[in-house]
Structures are given as structure tokens and as C-alpha cells.
Amino acid sequence: MNKNNQQQPLETTEIQIARLAYIGASIATLGDGLSAVAAGLALNALEKSSNQDPQVQNSDQSKEVEDLQKQIDYLISELKQVKKSMR
């Protein structure tokens, strides 16, 4: 019986470590996705800025900001789902 009691905390610790690793990997993946989206938006803005007049640029930038906000909201909801699944 003593071995069971000693192994149970070890297994619990290993499970907690695995959960933390999973959460960390999920957050890192979401962060990488967000970085890729930001880089794509920056590239798109630079390409458009060299081809358009200022008024059209402002309109496009507003749309890009809205799109970025939607993507950020989506990533946050994904992170919340990961957090829920860990409970």
C-alpha cells in the first residue's frame, strides 16, 4: 500500500506538468499565429501604400484593423477553449 501512496503523487505531478506543457504549447502556437497575421497585414499595408493615394489607404487600414481585431478575438476564444479543456 505504501508504494501506491508514493506513486499517486508522482503521477499527479506528472499529469500537472503535462498539462502545463500543453497550455504553454497552445499559447505559443496562438502567439505564432498572431505574429504571422501581423506580418501579413504589415506586408499588405506596405504593398498597398506604394500603389494607392492616402484616402484609399485610410479606408483600407480601417478594414485591416477590423480584420485583425476579428482574428485576435478568434485567437482569444481558442485560448479560452483550451483553458476550459484543461479544467
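Refer to the structure printed above.
For clarity, every value in this text was computed on a predicted model and none was experimentally measured.

Novice: What is the right way to read the overall build of the protein from this model?
Specialist: When its secondary structure is counted, the protein shows two helices and zero strands. Per-residue burial over the protein gives 9% buried out of 87 residues. With the model as given, the accessible surface of the protein reaches about 7100 Å², and the carbon-plus-sulfur share is 57%.

Novice: Help me understand the pattern of salt bridges, please; the structure alone is not making it clear to me.
Specialist: A side chain with one charge may pair with a side chain of the opposite charge, provided their charged atoms come close. Enumeration according to the criterion identifies one salt bridge in this entry. Between Lys63 and Asp67 there is a salt bridge, with the nearest N and O atoms lying 3.4 Å from each other. Taken together, the positions of Lys63 and Asp67, both in helix H2 (residues 54-86) and four residues apart, correspond to about one turn of that helix. Taking the relative accessible area as the measure of exposure, Asp67 reaches 27% and is therefore partly exposed.

Novice: Explain a positive patch on the surface to me, please; I cannot follow it from the model alone.
Specialist: Positive charge collects at one region of the surface, where Lys80, Lys83, Lys84 and Arg87 lie side by side. By the secondary structure assignment, Lys84 is in helix H2.

Novice: When you look at the environment of Met86 in this model, what are you seeing that I'm missing?
Specialist: For Met86, the location among the structural elements is in helix H2. A relative accessible area of 15% means that Met86 is categorised as buried. Separated by 67 residues in the primary sequence, Met86 and Arg19 place their C-alpha atoms 7.0 Å from one another. Not counting residues up to four positions away in its chain, the partners in contact with Met86 are Arg19, Tyr22 and Ile23.

What counts and what doesn't
Residues numbered from 1 in each chain as written. Predicted model: local features only at pLDDT ≥ 70, side-chain atom pairs only at ≥ 80, totals over all residues. Heavy atoms only, no water. Helix = DSSP H or I, 4+ residues; strand = E, 2+ residues; numbered from the N terminus. Buried < 20%, exposed > 50% of the residue type's maximum accessible area, 1.4 Å probe, protein only. Areas by Shrake-Rupley, 256 points an atom, 1.4 Å probe, with all protein chains shown as cover. Salt bridge = Lys/Arg side-chain N within 4 Å of Asp/Glu carboxyl O. Patch = residues over 30% accessible without salt bridge, like charges linked within 9 Å, V, L, I, M, F, W, Y side chains within 5 Å. Lys, Arg positive; Asp, Glu negative; His and termini not counted. Charge placed at Lys NZ, Arg CZ, Asp CG, Glu CD. Contact = heavy atoms within 4.5 Å.

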